[in-house]
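# Chains, contacts and geometry: an overview
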Amino acid sequence: MSAPPTDRPTTAEHSSGTKATRISLGRIFTPESSNYYLLLGTTVFLVLIGLVMVLSASSVDSFLDDSGFFGGFWKQATYAVIGIPLMLVISRIPAIFWKRWAWVVLGGALLLQALVFTPLGFAVGGNLNWIAIGPISGQPSELLKLALAIWLGAVLGRKIALLGDWKHALIPAVPVAIIALGLVLLGHDLGTVMIMGMVVIGALYFANLKLRYLSLPFILGIVVFLGFAITSPNRMARITSFLDEDCVDYENLCWQPLHGTWALANGGVFGLGLGNSREKYSWLPAASNDYIFAIIGEELGLIGAVVVLLLFVLLAVAFVRIIRSSTDPFARITTGAIMVWVIGQAFVNIAVVLRLLPTLGVPLPLISAGGTALLTSLVSIGIVLSFARTSGREKATGLRAPAFGTPTRGIQ
């Protein structure tokens, strides 16, 4: 006589189910890596400093524009309130999502950039690089920087074992990058083009291209930059005024760089105190965006300026640590490109304020006023945080996430 059937699991099945549940819960409650918290903490701290400085630097201009003293601050704070949670949400998206949708992201960014040449586009400061759809306006070139970093990481990462051949190394990466940079260059925004060129070179570098292959796009970029600078009377005037140590054209081209330098000089070592800037009273143009570092130096002094510099150095350290810990070529290349973008743009902006470079019109990432720039920077860092989470999980569990291609050398 056979035993009656039962629905109860066997001991082996019960043990297997318990183990699976334990593993799932373990993954949920596994703490994030130190790289994750270093990047997240530094980013949030820079955004908070930016909000405080935008509040101070934009108060006078906001009042004169009938927006009240807090008009510029509330606008920037709104983008920060949207951007930081969005960054955390994106940090939960796996890398495979960006690999699959890299072409779509790039195509969408190129389409938005092309809209600047339609009735939706408008110029600011002589650069045709903005679009407005109803009450919403923004710079599509900021999104194009991010799209390029993701797309280059996906394409170069997939072909990582073939990059010893120049055809695979430079095609389609360089031709597509030329199209993207060309669309921005048609709007005469040479500063943004320079940063985008740095993103391309950074991606190719972290894909471990041979130097002779890497030198071709680098030399091409320099030639294009010099060509557009020489053929533009305004840009040549900026360069000559920069090379003029005394900068005698005070009323015109020298007005902004000189007042930026005077703001830093006024701050001294300890600064005039938060909110006590004198240059923000309509003396220094773009005080809350391109030249916000000058206001930081004036109000917080040399100490405050050095602290901001050290925070960007710390941000670079976090990027480098994530690159070194990543086993996926896509993560390493994309993180490298984003690092060159954010850190490179920060030091270009600071070099302009210190009169080490001619005026280029690029904002200070995470700090300057500007909603599109802040959102895209936070989204890009959110993607890098997802890479940090993946590498942290691999280290904690001893498991390795699937990746296409073979690991690159990266930063040893």
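A few points on the structure. (Residues numbered from 1 in each chain as written. Predicted model: local features only at pLDDT ≥ 70, side-chain atom pairs only at ≥ 80, totals over all residues. Heavy atoms only, no water.)

All right, on to the overall build of the protein chain then. Each helix and strand counted, the protein chain has 14 helices and three strands in total. Residues counted as buried form 48% of the 412 residues belonging to the protein chain. When contacts within the protein chain are restricted to residue pairs at least 6 apart in sequence, those whose partners lie at least 24 apart make up 73%. (Helix = DSSP H or I, 4+ residues; strand = E, 2+ residues; numbered from the N terminus. Buried < 20%, exposed > 50% of the residue type's maximum accessible area, 1.4 Å probe, protein only. Contact = heavy atoms within 4.5 Å.)

Grouped together as the largest cluster of nonpolar side chains are 106 residues, with contacts concentrated most on Leu39, Leu156, Phe312, Leu315 and Phe319. A total of 15 residues in this core trace back to one element, the largest contributor, which is helix H12 (residues 292-325). For Leu315, the residues in contact, after removing those within four places along its chain, are Leu39, Thr42, Thr43, Leu46, Val342, Ile343 and Leu366. (Core = buried A, V, L, I, M, F, W, Y, C linked by side-chain atoms within 4.5 Å.)

What follows covers the pattern of salt bridges. Inspection of every chain in the model, using the stated rule, returns five salt bridges. Where Arg389 meets Glu32, a salt bridge forms, and the shortest distance between an N and an O atom there is 3.2 Å. With a gap of 357 residues between them, Arg389 in helix H14 (residues 371-397) and Glu32 in the loop between helix H1 (11-29) and helix H2 (34-64) connect regions that are remote in the sequence. Each member of the pair Arg389 and Glu32 is classed as buried. (Salt bridge = Lys/Arg side-chain N within 4 Å of Asp/Glu carboxyl O.)

All right, on to the pairing of strand E2 (residues 127-133) then. Examined bridge by bridge, strand E1 (residues 121-124) and E2 share four bridges and lie antiparallel to one another. Of the residues in E2, the one forming a bridge with Phe122 is Trp130. Taking the residues that link successive antiparallel strands as the turn, the E1-E2 hairpin has two residues, and the phi of Gly125 there is positive, at about 65 degrees. As paired strands, E2 and strand E3 (residues 136-138) are joined by three bridges and run antiparallel to one another. Residue Ile131 lies in a different strand from E3, and its bridge partner there is Gly138. (Pairing = 2+ DSSP bridges.)

Let us now look at the sheet that holds E2. Read from one edge of the open sheet, three strands run E1-E2-E3, paired in antiparallel fashion. On the outer flanks of this sheet lie E1 and E3, each paired with one strand and no other. Here the average twist between neighbouring strands, direction ignored, is 35 degrees. (Axes fitted to C-alpha atoms, helices over the stretch in contact; angles between N-to-C directions.)

The topology assignment puts Phe347 in helix H13 (residues 329-353). Sequence separation between Phe347 and Pro365 is 18 residues, and the spatial gap between their C-alpha atoms is 9.7 Å. With residues near it in sequence (within four places) discarded, Phe347 still touches Leu309, Phe312 and Val313.

To continue, consider unusual backbone geometry. A cis amide bond links Ile171 with the next residue in sequence, Pro172, at an omega value of 5 degrees. In this structure, Ala286 is a non-glycine residue whose phi angle is positive, near 55 degrees. For Ala286, a relative accessible area of 29% translates into the label partly exposed. If you check the backbone angles, Leu366 has positive phi at about 70 degrees while not being a glycine. What makes Leu366 buried here is its relative accessible area of 3%.

Looking now at the side chain of Gln256. Structurally, the position occupied by Gln256 is in helix H11 (residues 255-267). In this structure Gln256 comes out as buried when scored by relative accessible area, which is 18%. Within the structure, Gln256 has its side chain in polar contact with the backbone oxygen of Pro285 (distance 3.0 Å). Each residue touching Gln256, except ones within four places of it in the same chain, is listed here: Leu284, Pro285, Ala286, Tyr291 and Thr359. (Polar contact = N/O pair within 3.5 Å; in protein donor to acceptor, adjacent residues only side chain to side chain.)

Along the polypeptide, Glu279 turns up in the loop between H11 and H12. For the buried residue Glu279, which engages in no salt bridge, the nearest side chain bearing the opposite charge is Arg278, 8.1 Å off. In contact with Glu279, other than residues within four places in its own chain, are His259, Trp262, Ala263, Asn266, Leu284 and Glu298. (Lys, Arg positive; Asp, Glu negative; His and termini not counted.)

For the rest of this paragraph, the subject is helix H8 (residues 190-206). The first and last C-alpha atoms of H8 sit 24 Å apart over 17 residues, in line with the 24 Å expected at 1.5 Å per residue. Across the 17 residues that make up H8, a large majority, 13, are buried. Downstream of H8 by one or two residues, Asn208 has phi in the positive range, about 65 degrees. (Expected span 1.5 Å × (residues − 1).)

What follows deals with the packing of H8 against helix H9 (residues 211-230). Put simply, H8 and H9 touch, their axes get as near as 10 Å, and they point 175 degrees apart. Relative to H9, the element H8 lies roughly antiparallel. Contacts from Leu190, Met194, Ile201, Leu204 and Tyr205 in H8 reach Leu214, Pro217, Phe218, Phe225, Phe228 and Ala229 in H9. Residues that form the contact of H8 with H9 fall into these classes: eleven nonpolar, no polar and no charged. (Parallel < 35°, antiparallel > 145°, perpendicular 65-115°, else oblique. Nonpolar A, V, L, I, M, F, W, Y, C, P; charged D, E, K, R; others polar.)

Together, Val269, Phe270, Leu302, Ile303, Val306, Val307 and Leu310 line one region of the surface with nonpolar side chains, adding up to about 650 Å² of accessible area. Exposure remark for Ile303: the relative accessible area of 44% places this residue in the partly exposed category. (Patch = residues over 30% accessible without salt bridge, like charges linked within 9 Å, V, L, I, M, F, W, Y side chains within 5 Å. Areas by Shrake-Rupley, 256 points an atom, 1.4 Å probe, with all protein chains shown as cover.)

This brings us to the packing of aromatic side chains. Throughout the structure, instances matching the rule amount to ten aromatic pairs. Clustering of aromatic rings is evident, with ring pairs tying together Phe97, Trp98 and Trp101. (Phe/Tyr/Trp six-rings, centres within 6.5 Å; stacked < 30°, edge-to-face > 60°.)

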